[in-house]
Amino acid sequence: MHLLDFLLPPRCGGCRRVGAWLCERCRASVRRLEEPLCPRCGVELDSNRRECGCRARLPSLTRLRSAVAYEGPAEAAIHRFKYGGWRRLASPLALLLAERLVVEGVAAHWVVAVPLHRDRMRQRGFNQAELLAGELGRRLALERPAGELVRTRPTPPQVGNDRRTRFANVKDAFAWRGPALDGRAILLIDDVATTGATLDACANALGRAGSGPVIGVSVARVNV
Ligand SMILES: [Zn+2]
Ligand SMILES: [Zn+2]
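Residues numbered from 1 in each chain as written. Chains lettered and ligands numbered in written order. Predicted model: local features only at pLDDT ≥ 70, side-chain atom pairs only at ≥ 80, totals over all residues. Heavy atoms only, no water.

1. A closer look at the overall build of the chain
Within the chain, the secondary structure is distributed over eight helices and six strands. In the chain, the succession of α and β elements from N to C terminus is α-α-β-α-α-β-α-α-β-α-β-β-α-β. The C-alpha radius of gyration of the chain comes to 17 Å, within 12% of the 17 Å expected for a compact globule of 224 residues. Principal-axis analysis of the C-alpha atoms gives the chain an extent of 45 × 45 × 35 Å. (Helix = DSSP H or I, 4+ residues; strand = E, 2+ residues; numbered from the N terminus. Rg over C-alpha atoms; globule rule 2.2 N^0.38 Å.)

Structural data, given as structure tokens:
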């Protein structure tokens, strides 16, 4: 934790007002995803559709669920969390996600975070998904498996890429280093999901290492 965290009063990641890391007003105005959602990948659907056709695109994830839309105060807070180093936002952001998972009845044995490549980790100093996984694990009493999911090669940022490029970018970019995963269900955490390409590539690596179902979860969802 940074020394600055102790010296500065909490300031809202959504609107910058002093008082809390995510103020009541921003918490209330964050847009939760609304039904109907795709039963597999959790994307918001038009009311006349039953699913989005994600089965072929996301073969390794059992399910994907996100708490809120990536817009408004949630977008501002995640941006400050990830790029501005406001690490304390891990707690209120994980709370948004935990609330959603409880409503959805999502359960798992282990929690694993989407890893950064070591070069990016060195640059940023922390992995935002790892901080979220720590908070979420505490709240939902999930364990960490022995071993580590790693990003085996640097992958270009996904922002601005079309769907096909996003999937090509992360294909075979992850590996599990550690003991076999014993058929246990895993909650796989990221901060933001768009196509689900990164989460699915991670789920593939976990599956190859013997995991049970992998449920991808993200705080926010970009609708594509
Ligand atoms: Zn606020
Ligand atoms: Zn879907």
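2. Regarding the coordination of the zinc ion (ligand 2)
Of the protein atoms, only Cys38 (SG), Cys41 (SG), Cys52 (SG) and Cys54 (SG) coordinate the zinc ion (ligand 2), at distances of 2.2 to 2.4 Å. The site at the zinc ion (ligand 2) holds four donor atoms, and with the angles between them running 98 to 119°, its shape is tetrahedral. The class of Cys38 is buried, set by a relative accessible area of 1%. Assessed through its relative accessible area of 0%, Cys54 is described here as buried. (Donors = N, O, S within 2.8 Å, 3.2 Å for Na, K, Ca; no water. Tetrahedral: all angles 85-135°; square planar, octahedral: opposite > 155°, others 65-115°. Buried < 20%, exposed > 50% of the residue type's maximum accessible area, 1.4 Å probe, protein only.)

3. Considerations on the coordination of the zinc ion (ligand 1)
Surrounding the zinc ion (ligand 1) are the protein donor atoms Cys12 (SG), Cys15 (SG), Cys23 (SG) and Cys26 (SG), which sit 2.3 Å from the metal. In this structure, the zinc ion (ligand 1) is coordinated by four donor atoms arranged in tetrahedral fashion, with angles at the metal of 106 to 115°. For the zinc ion (ligand 1), the single-chain donor residues occur in sequence as C-x2-C-x7-C-x2-C. Highlighted residues: Cys15 in the loop between α1 (3-7) and α2 (24-29) and Cys26 in helix α2, separated in sequence by 11 residues. By relative accessible area, which is 29% here, Cys15 ends up partly exposed. When its relative accessible area of 7% is taken as the criterion, Cys26 is described as buried.

4. Remarks on the packing of aromatic side chains
Counting across every chain of the model gives two aromatic pairs. Plain terms: the ring middles of Trp21 and Trp86 are 6.2 Å apart, the flat faces sit at 75° to each other, and that makes the pair edge-to-face. One end of the pair, Trp21, is in the loop between α1 and α2; the other, Trp86, is in the loop between α3 (72-83) and α4 (90-104), with 65 residues separating them in the sequence. Note on accessibility: Trp21 and Trp86 belong to one class, buried. Directly above the aromatic system of Trp86 lies the positively charged group of Arg80, at a separation of 5.5 Å from the ring centroid. Here the basic side chain of Arg184 rests over the ring of Trp110, its NZ or CZ set 5.8 Å away from the ring centre. (Phe/Tyr/Trp six-rings, centres within 6.5 Å; stacked < 30°, edge-to-face > 60°. Lys NZ or Arg CZ within 6 Å of the ring centre and 35° of its normal.)

5. With respect to the packing of helix α7 (residues 163-170) against helix α8 (residues 197-208)
Closest axis-to-axis distance for the α7/α8 pair is 9 Å, and the angle between their directions is 30°. Judged by the inter-axis angle, α7 sits roughly parallel to α8. Once α7 is placed against α8, the crossing between them reads as right-handed. Here Arg166, Phe167 and Val170 of α7 lie close against α8, whose contacting residues are Ala197, Thr198 and Ala201. (Axes fitted to C-alpha atoms, helices over the stretch in contact; angles between N-to-C directions. Parallel < 35°, antiparallel > 145°, perpendicular 65-115°, else oblique. Left-handed = near helix turned anticlockwise from the far one by under 90°. Contact = heavy atoms within 4.5 Å.)

6. Concerning α7
Looking only at α7, the buried set comprises Arg166, Asn169 and Val170. Mapping the buried residues of α7 onto a view down its axis gives an arc of 75°, with all of them on the same face. Opposite the buried face of α7, by more than 90 degrees, sit the exposed residues Arg164 and Ala168. If you follow the buried residues of α7, they end up packed against β4 (174-177) and α8. Remark: Asp172 follows α7 within two positions and exhibits a positive phi of approximately 55°. (Arc of directions from axis to C-beta.)

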